[in-house]
Amino acid sequence: MKQLLGLLAVGAGAAALIRWYRREVVAEGNATVHLQSEHEHFHLHVDLPAGMEIQPGDTLEILALPQTEQGRTQGELSYPSPVRLYKASRLKRHLIKRSSLVEISELVEHP
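Residues numbered from 1 in each chain as written. Predicted model: local features only at pLDDT ≥ 70, side-chain atom pairs only at ≥ 80, totals over all residues. Heavy atoms only, no water.

**Digging into the overall build of the protein chain**
So, step 1. Helices and strands together make up the secondary structure of the protein chain, namely two helices and four strands.
So, step 2. In sequence order, the protein chain lays out its α and β elements as α-β-β-β-β-α.
So, step 3. Burial analysis of the protein chain (111 residues in total) assigns 15% to the buried set.
So, step 4. Counted over contacts in the protein chain with a minimum sequence separation of 6, partners at least 24 positions apart contribute 62%.
So, step 5. In the structure as shown, the protein chain presents an accessible area of about 9100 Å², 56% of it carried by carbon and sulfur atoms. (Helix = DSSP H or I, 4+ residues; strand = E, 2+ residues; numbered from the N terminus. Buried < 20%, exposed > 50% of the residue type's maximum accessible area, 1.4 Å probe, protein only. Contact = heavy atoms within 4.5 Å. Areas by Shrake-Rupley, 256 points an atom, 1.4 Å probe, with all protein chains shown as cover.)

**Some points on a nonpolar patch on the surface**
So, step 1. Residues M1, L4, L5 and L8 make up a contiguous nonpolar surface patch of about 480 Å² in total accessible area.
So, step 2. You can see L8 is positioned in helix α1 (residues 2-22).
So, step 3. For L8, a relative accessible area of 54% corresponds to the exposed category. (Patch = residues over 30% accessible without salt bridge, like charges linked within 9 Å, V, L, I, M, F, W, Y side chains within 5 Å. Salt bridge = Lys/Arg side-chain N within 4 Å of Asp/Glu carboxyl O.)

**Topic: the sheet that holds strand β4 (residues 75-88)**
So, step 1. Spatially, the four strands line up as an open sheet ordered β2-β1-β4-β3, and their pairing is antiparallel. Edge strands, defined here as strands with exactly one partner in the open sheet, are β2 (42-47) and β3 (59-62). Strand-to-strand twist in this sheet, taken as the mean axis angle between neighbours without regard to direction, amounts to 35 degrees.
So, step 2. Strand direction decides the pairing type here: strand β1 (residues 24-37) and β4, joined by 14 bridges, are antiparallel. Bridge pairing links V33 to Y79 in β4. (Pairing = 2+ DSSP bridges. Axes fitted to C-alpha atoms, helices over the stretch in contact; angles between N-to-C directions.)

**Side note on the pattern of salt bridges**
So, step 1. Across all of its chains, the model carries four salt bridges by this definition.
So, step 2. Where E28 meets R84, a salt bridge forms, and the shortest distance between an N and an O atom there is 2.7 Å. Placement of E28 in strand β1 and of R84 in strand β4 is noted, with a sequence separation of 56 residues between them.
So, step 3. Taking relative accessible area as the criterion, E28 reaches 55% and is therefore assigned exposed.
So, step 4. A salt bridge links K87 to D58, with the nearest nitrogen and oxygen atoms 2.9 Å apart. Here D58 lies in the loop between β2 and β3 and K87 lies in strand β4, a separation of 29 residues in the sequence.
So, step 5. Each of the salt bridges in this network shares a partner with another, and the network as a whole consists of E28, E61 and R84.

The structure is reproduced here in structure tokens:
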């Protein structure tokens, strides 16, 4: 009976951690997207509205595409777009920070 209660407690704890890890808060706003497309590289910068900040683990979704001819861009292009920001939980943010530090260390120490 004690083993069963122990397993139930461990299962409940694991379920709580998984739920905490997957928790997201969604924020929406209007932003300006700066797109630079050239032969050798492609850059995308987003000017977020006040109060919106991207941190490790967050996901930004750009909801509009630029108006272009035949879907091609030449040089630089700026356009307004609604955006949706999915804020990661504190647990997910912490784990991503830790894992990225390990990956950077491995990259630097690699011969």
